[in-house]
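# Fold and contact review
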Amino acid sequence: MSIIATIMNSTTGQPIQKMTFGRMPKPWATFHLENGERVTADRVNVGKPAPGKFVAPVEVWVTPKG
């Protein structure tokens, strides 16, 4: 089961993009954004699923350089 996470900017608090991971990303995971920039996760937040839903929202917070 793949994980769909929202990539969030730690400095602005704004979402950057959605990304699919093969499994739950670790807080130190390193990956490339759509623009090709390599980033490392600052933290990973897993929320509660909405009532009647199975999928929990996942946010990966990163600090992009540019």
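In this text the structure is predicted, and so the values were computed from the model without any measurement.

Here we come to the sheet that holds strand β1 (residues 3-9). Read across the sheet, five strands follow the order β2-β1-β5-β4-β3 without closing on themselves; strand pairing throughout is mixed. For this open sheet the edge positions go to β2 (15-21) and β3 (30-32), each flanked by a neighbour on one side alone. Mean inter-strand twist for the sheet, computed between neighbouring axes without regard to direction, equals 40°.

A few words now on a nonpolar patch on the surface. Taken together, the side chains of Met1, Phe54 and Val55 define a hydrophobic patch exposed on the protein surface, amounting to about 430 Å² of accessible area. Among the structural elements, phenylalanine 54 can be located in the loop between β4 (38-46) and β5 (58-62). Exposure remark for phenylalanine 54: the relative accessible area of 68% places this residue in the exposed category.

Moving on: the environment of valine 44. Among the structural elements, valine 44 can be located in strand β4. In contact with valine 44, other than residues within four places in its own chain, are Met24, Pro25, Lys26, Pro27, Val58, Glu59 and Val60.

Let's shift gears to the pairing of β5. Summarising burial for β5: four of the five residues are buried, a large majority. Judged from the five bridges that link them, β1 and β5 form a sheet pairing that is parallel. Within the sheet, the bridge partner assigned to methionine 8 lies in β5 and is tryptophan 61. Here β4 pairs with β5 via five bridges, running antiparallel.

About the thresholds
- Residues numbered from 1 in each chain as written.
- Predicted model: local features only at pLDDT ≥ 70, side-chain atom pairs only at ≥ 80, totals over all residues.
- Heavy atoms only, no water.
- Pairing = 2+ DSSP bridges.
- Helix = DSSP H or I, 4+ residues; strand = E, 2+ residues; numbered from the N terminus.
- Axes fitted to C-alpha atoms, helices over the stretch in contact; angles between N-to-C directions.
- Patch = residues over 30% accessible without salt bridge, like charges linked within 9 Å, V, L, I, M, F, W, Y side chains within 5 Å.
- Areas by Shrake-Rupley, 256 points an atom, 1.4 Å probe, with all protein chains shown as cover.
- Salt bridge = Lys/Arg side-chain N within 4 Å of Asp/Glu carboxyl O.
- Buried < 20%, exposed > 50% of the residue type's maximum accessible area, 1.4 Å probe, protein only.
- Contact = heavy atoms within 4.5 Å.

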